[in-house]
Amino acid sequence: IDSPEWNQAFGKEAKSYLKIRILRKKLNVISKGKDRYNRLLVILYDENTSNNMSINEELVANGYSWVYKRFCNELQCDQWLNSQDIAKKNKSGLWISGKPVPPWLFKKKFK
């Protein structure tokens, strides 16, 4: 997934949502390696939540992140895309604006 940049619409909201979801929580962290910028790629699960939804999917489902199809190679990608479609339909989070610019395109504007 890819969340908005801090200076992009819903960037601060995405960061706040993630902070609330992980601060002082016991997490199951599944490492997926590093990206080309040497950032850790992980799937996060809250060990105190009974559902099997990852925090990654929660971010997508609540409209705080996009599924970055180009790099999504996980079994969960189809479910995450379904959650994204529902968030779009419901105009959740960043989808309220209709056609938000994904961060990978937003960053290209400033290069």
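Fair warning: this is a prediction, and the values are worked out from it, not measured in the lab.

Enquirer: What is the right way to read the packing of aromatic side chains from this model?
Expert: To describe a pair of aromatic rings, you give the distance between the ring centres and the angle between the ring planes. Here the structure, examined in full by the defined rule, presents 5 aromatic pairs. Residues Trp66 and Trp104 carry aromatic rings whose centres are separated by 6.4 Å and whose planes lie at 75° to one another, so their mutual orientation is edge-to-face. Taken together, the residues span a long stretch of sequence, with Trp66 in the loop between helix H2 (55-61) and helix H3 (77-90) and Trp104 in helix H4 (residues 103-106) at a distance of 38 residues. One aromatic cluster is present, formed by Trp66, Tyr68, Phe71, Trp95 and Trp104 through successive ring pairs.

Enquirer: What should I look at first to understand the nonpolar core in this one?
Expert: Note on soluble globular proteins: their nonpolar side chains tend to be buried together. Core analysis: the biggest nonpolar cluster contains 6 residues, these being Ile43, Val60, Val67, Cys72, Cys77 and Trp80. If we ignore the near neighbours within four places in the chain, the residues touching Val60 are Ile1, Ser65, Trp66, Val67, Trp80, Ser83, Gln84 and Ala87.

Enquirer: Can you help me understand unusual backbone geometry in this one?
Expert: Backbone geometry follows two general trends: most residues other than glycine have a negative phi, and most peptide bonds adopt the trans configuration. Here Phe10, not a glycine, exhibits a phi torsion of approximately 70°, which is positive. You can see Phe10 is positioned in the segment before helix H1 (11-22). A positive phi angle, close to 60°, is found at Arg24, a residue other than glycine. With respect to the helices, strands and loops of the structure, Arg24 is situated in the loop between H1 and strand E1 (27-34).

Enquirer: Which parts of the structure should I look at to understand the state of the cysteines?
Expert: Here is the idea: a disulfide is a covalent bond, and it sits between the sulfur atoms of two cysteines. Tallied over the full model, the rule gives 1 disulfide. Shown here is the disulfide that connects Cys72 with Cys77, its sulfur atoms set 1.8 Å apart. Given an S-S torsion of about -100°, the disulfide between Cys72 and Cys77 has left-handed geometry. By the burial criterion, Cys72 is buried, and Cys77 matches it.

Enquirer: Hey, could you run me through the layout of surface pockets in this one?
Expert: To find leftover empty space, a probe the size of one water molecule is rolled over the atoms. Considering only enclosed or pocket space, the largest pocket measures out at about 1400 Å³ in volume. Forming the boundary of the largest pocket are 36 residues, of which Ile1, Asp2, Asp35, Arg39 and Leu41 lie nearest the centre. Of all elements in the fold, only H1, E1, strand E2 (40-46) and H2 reach the threshold of two or more residues within the lining of the largest pocket. Among the residues making up the lining of the largest pocket, the classes are represented as 18 nonpolar, 4 polar and 14 charged.

Enquirer: Would you mind going over the pattern of salt bridges with me for this structure?
Expert: When their charged atoms lie close together, side chains carrying opposite charge are able to pair. Following the criterion strictly, the structure yields 6 salt bridges and no others. For Glu47, the salt bridge is made with Lys26, and the minimal N-O distance between the two is 3.9 Å. Of this pair, Glu47 sits in the loop between E2 and H2 while Lys26 sits in the loop between H1 and E1; the two residues are 21 residues apart in sequence, bridging distant segments of the chain. You can call Lys26 exposed: its relative accessible area is 55%. Within the structure, one salt-bridge network assembled from shared partners comprises Arg21, Asp46 and Glu58.

How each quantity is defined
- Residues numbered from 1 in each chain as written.
- Predicted model: local features only at pLDDT ≥ 70, side-chain atom pairs only at ≥ 80, totals over all residues.
- Heavy atoms only, no water.
- Phe/Tyr/Trp six-rings, centres within 6.5 Å; stacked < 30°, edge-to-face > 60°.
- Helix = DSSP H or I, 4+ residues; strand = E, 2+ residues; numbered from the N terminus.
- Core = buried A, V, L, I, M, F, W, Y, C linked by side-chain atoms within 4.5 Å.
- Buried < 20%, exposed > 50% of the residue type's maximum accessible area, 1.4 Å probe, protein only.
- Contact = heavy atoms within 4.5 Å.
- Disulfide = S-S within 2.5 Å.
- 1 Å grid on protein atoms, 1.4 Å probe; cavity = no way out; pocket = protein on both sides within 12 Å on 5 of 7 lines; lining within 4 Å.
- Points joined across faces, edges and corners; volume = space filled by probe spheres on them.
- Nonpolar A, V, L, I, M, F, W, Y, C, P; charged D, E, K, R; others polar.
- Salt bridge = Lys/Arg side-chain N within 4 Å of Asp/Glu carboxyl O.

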